[in-house]
Amino acid sequence: MTLLGVAERLGDVPAYVYDLAGLDAHAAAIRDALPGIEIYYAVKANPDPRLLRVIAPHVDGFEVSSGGEFAHVRSLLPDSRIAFGGPGKTDADLTLTPHRLHVESPNELRRLLTREHPVDVLLRANLDVPVAGAALAMGGGATPFGMDPAGIRECLELVGGPVRLRGLHAHLASGLDAPDLLKLATAVIAYAREIGAAEINLGGGMAVDYQDPDHRFDWAAYGRGLAGTPETLRIEPGRAMTAYCGWYLTKVLDLKRVHGELFAILTGGTHHLRTPVTKGHNQPFTVFGSSGASEPVTLVGQLCTPKDVFARQVPAALAVGDVVAFEMAGAYAWNISHHDFLMHPKPEFHYVSGIS
Ligand SMILES: *Cc1c(COP(=O)(O)O)cnc(C)c1O
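Just so it is clear, the structure is predicted and the values come from calculations on it, not from any experiment.

### Quick word on the packing of helix H2 (residues 20–33) against helix H8 (residues 219–226)
Inference 1: The geometry of H2 relative to H8 is characterised by a closest axis approach of 8 Å and an angle of 25 degrees between their N-to-C directions. Considering their axes alone, H2 and H8 lie roughly parallel with respect to each other. Where H2 crosses over H8, the two elements pack in a sense that is right-handed. For the pair formed by H2 and H8, the contact residues are His-26, Ile-30 and Ala-33 on the first element and Trp-219, Ala-220 and Gly-223 on the second.
Inference 2: Here the contact of H2 with H8 is built from residues that sort into 4 nonpolar, 2 polar and no charged.

As structure tokens, this is what we get:
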């Protein structure tokens, strides 16, 4: 089955379609562009088991941000390496046995010192480096993520006992192109050297351009920029790994003009695909169906809230019954959405190889 095949058979229940062959090729290309750099996929972008299995052969491990994600990856891929991060770890979380644990605060480190089994840690740094242009900033100022240099110094004095210090972790911003992410990497590596870190995790945050799906993160340039660094380097991409392999397919239920503005009411809604609401963008889409004249239309779902908007005033030629396939729905899409709001049916999931 292909994406087009699912579109042709779509009924009133929307569908998520994942192109596993496309994901396989994309993950392989990322791997090839970054020789010598360890890659951990950030599971929170999309933890779908089928996707994780496709990604696994191309990466060195998985980055998880909760005990739930840890258990999920352990059960699916028992031999994979796991890096465990996240700012709010419970006592149970701190007894787990990941390959690397990312320490978020001096108090967290004090709690780790009481554990029985050894643990290999990276200290998560929030450095005061400019992250202008980022879609989300986790560092470069006061945020709850990681530690400033004073917190890191405090940790350096505490390590010992079961806690084996392996290096530094930083995930400072998301939505940056390769040149900007390299600038951040340079600052992180310089700081890591100051504290003698042998291993440096540079985080994720590779840009995904929803307004221009063909404008892709330049993995080769990023790889070239990082080449030759003597320390062990690791990255943990999420969005830029899986965003492109997913589509959310819906059908036009109604077209109407209200106070002069054209609306297309689609099956499903942002309770299935929350990405355009959280990111504040128009989700790109392809229409399978009509070929009439294009005019500005606002695409909404079935929810009774004005926030249920996929795309606002975008040019499209739509007719009732057309299938609208929202693109770039493979990351931070289904798994971040509020599925139960309004009790509409859940989407179907299809795993295909190829588009047409
Ligand atoms: C979310 C997250 C990532 C992945 O970020 P993307 O923007 O999806 O690439 C990587 N590392 C950490 C610590 C994260 O919280």
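Moving on from the model shown.
### Details of the site of the ligand
Inference 1: If you check the shell around the ligand, you find 13 residues, and the closest are Lys-44, Gly-205, Glu-236, Arg-239 and Tyr-332.
Inference 2: Gly-238 has a polar backbone atom sitting 2.9 Å from an oxygen atom of the ligand.
Inference 3: Alone, the ligand offers 390 Å² of accessible surface; in the complex the protein occludes 91% of this.
Inference 4: Put simply, the ligand lies in the largest pocket.
Inference 5: Broken down by class, the residue content of the shell around the ligand amounts to 3 nonpolar, 6 polar and 4 charged.

### Focus: helix H4 (residues 67–76)
Inference 1: Taken together, the buried positions of H4 are Glu-69, Phe-70, Val-73 and Leu-76. The buried residues of H4 all sit within an arc of 145 degrees when viewed along its axis, so they share a single face. More than 90 degrees from the buried face of H4, the exposed residues found are Gly-68 and Ser-75.
Inference 2: Each element contacted by the buried residues of H4 is listed here: helix H3 (49–55), strand S3 (61–64) and strand S4 (81–84).
Inference 3: Looking at where H4 begins, the residue whose side-chain oxygen comes 3.2 Å from the main-chain nitrogen of Gly-68 is Ser-66.

### Brief notes about the UniProt feature "domain: Orn/DAP/Arg decarboxylase 2 N-terminal" (unreviewed entry) in the protein chain
Inference 1: Following the UniProt record, the feature "domain: Orn/DAP/Arg decarboxylase 2 N-terminal" (unreviewed entry) maps to residues 23–243 here.
Inference 2: With 33% helix and 19% strand, the stretch residues 23–243 has end C-alpha atoms that lie 9 Å from each other.

### Examining the layout of surface pockets
Once rolled over the atoms, a probe with the size of a water molecule shows which space is left empty.
Inference 1: There is about 750 Å³ of room inside the largest pocket.
Inference 2: If you trace the largest pocket, you find 38 residues lining it, with Leu-136, Met-138, Ser-174, Arg-239 and Tyr-332 closest to the centre.
Inference 3: Split into classes, the residues belonging to the lining of the largest pocket amount to 14 nonpolar, 15 polar and 9 charged.
Inference 4: Taken together, domain 1 (3–16 + 244–352) and domain 2 (81–237) each give at least three residues to the lining of the largest pocket, which thus spans both.
Inference 5: Considered as a void within the structure, the second largest pocket measures approximately 160 Å³ in volume.
Inference 6: Lining the second largest pocket are Lys-256, Phe-263, Ile-265, Thr-298, Val-300, Gly-301, Leu-303, Thr-305, Pro-306, Asp-308, Val-309 and Arg-312.
Inference 7: At the level of secondary structure, the elements contributing two or more residues to the lining of the second largest pocket comprise strand S13 (261–266), strand S15 (295–300) and strand S16 (309–316).
Inference 8: Residue classes in the lining of the second largest pocket are distributed as 6 nonpolar, 3 polar and 3 charged.

### Points about the side chain of Asp-120
Inference 1: By the element assignment, Asp-120 lies in strand S6 (residues 119–124).
Inference 2: For Asp-120, a relative accessible area of 12% translates into the label buried.
Inference 3: A polar side-chain atom of Asp-120 sits 2.9 Å from a polar atom in the side chain of Arg-164.
Inference 4: Leave out the neighbours within four places in its chain, and Asp-120 touches His-99, Arg-100, Leu-101, Arg-164 and Arg-166.

### Looking at the packing of aromatic side chains
Inference 1: Inspection of the entire model under this criterion finds 14 aromatic pairs.
Inference 2: For the ring pair Tyr-16 and Tyr-18, a centre distance of 6.0 Å and an interplane angle of 25 degrees mean the geometry is stacked. You'll find Tyr-16 and Tyr-18 in the same group, each marked buried.
Inference 3: When the centroid spacing of 6.3 Å and the interplanar angle of 25 degrees are considered together, the rings of Tyr-18 and Phe-349 count as stacked. Of this pair, Tyr-18 sits in strand S1 (residues 15–19) while Phe-349 sits in strand S18 (residues 348–352), placing them 331 residues apart in sequence.
Inference 4: Residue classification places Phe-349 among the partly exposed residues on the basis of a relative accessible area of 28%.

### Some thoughts on unusual backbone geometry
Inference 1: Although it is not a glycine, His-259 sits at a positive phi angle of roughly 50 degrees.
Inference 2: Relative to the assigned elements, His-259 resides in the loop between strand S12 (246–258) and S13.
Inference 3: Backbone geometry at Met-343 places phi at a positive 60 degrees, although glycine is not the residue there.
Inference 4: Mapped onto the elements, Met-343 comes out in the loop between strand S17 (323–326) and S18.
Inference 5: On the basis of relative accessible area, Met-343 is assigned to the exposed category, the value being 77%.

Rules of the game
- Residues numbered from 1 in each chain as written.
- Predicted model: local features only at pLDDT ≥ 70, side-chain atom pairs only at ≥ 80, totals over all residues.
- Heavy atoms only, no water.
- Axes fitted to C-alpha atoms, helices over the stretch in contact; angles between N-to-C directions.
- Helix = DSSP H or I, 4+ residues; strand = E, 2+ residues; numbered from the N terminus.
- Parallel < 35°, antiparallel > 145°, perpendicular 65-115°, else oblique.
- Left-handed = near helix turned anticlockwise from the far one by under 90°.
- Contact = heavy atoms within 4.5 Å.
- Nonpolar A, V, L, I, M, F, W, Y, C, P; charged D, E, K, R; others polar.
- Near = heavy atom within 4 Å.
- Polar contact = N/O pair within 3.5 Å; in protein donor to acceptor, adjacent residues only side chain to side chain.
- Areas by Shrake-Rupley, 256 points an atom, 1.4 Å probe, with all protein chains shown as cover.
- 1 Å grid on protein atoms, 1.4 Å probe; cavity = no way out; pocket = protein on both sides within 12 Å on 5 of 7 lines; lining within 4 Å.
- Sits in = over half its atoms within 2 Å of the grid points.
- Buried < 20%, exposed > 50% of the residue type's maximum accessible area, 1.4 Å probe, protein only.
- Arc of directions from axis to C-beta.
- UniProt positions renumbered as here; feature names shortened; annotations may be inferred.
- Points joined across faces, edges and corners; volume = space filled by probe spheres on them.
- Domains from an automatic or database assignment.
- Phe/Tyr/Trp six-rings, centres within 6.5 Å; stacked < 30°, edge-to-face > 60°.

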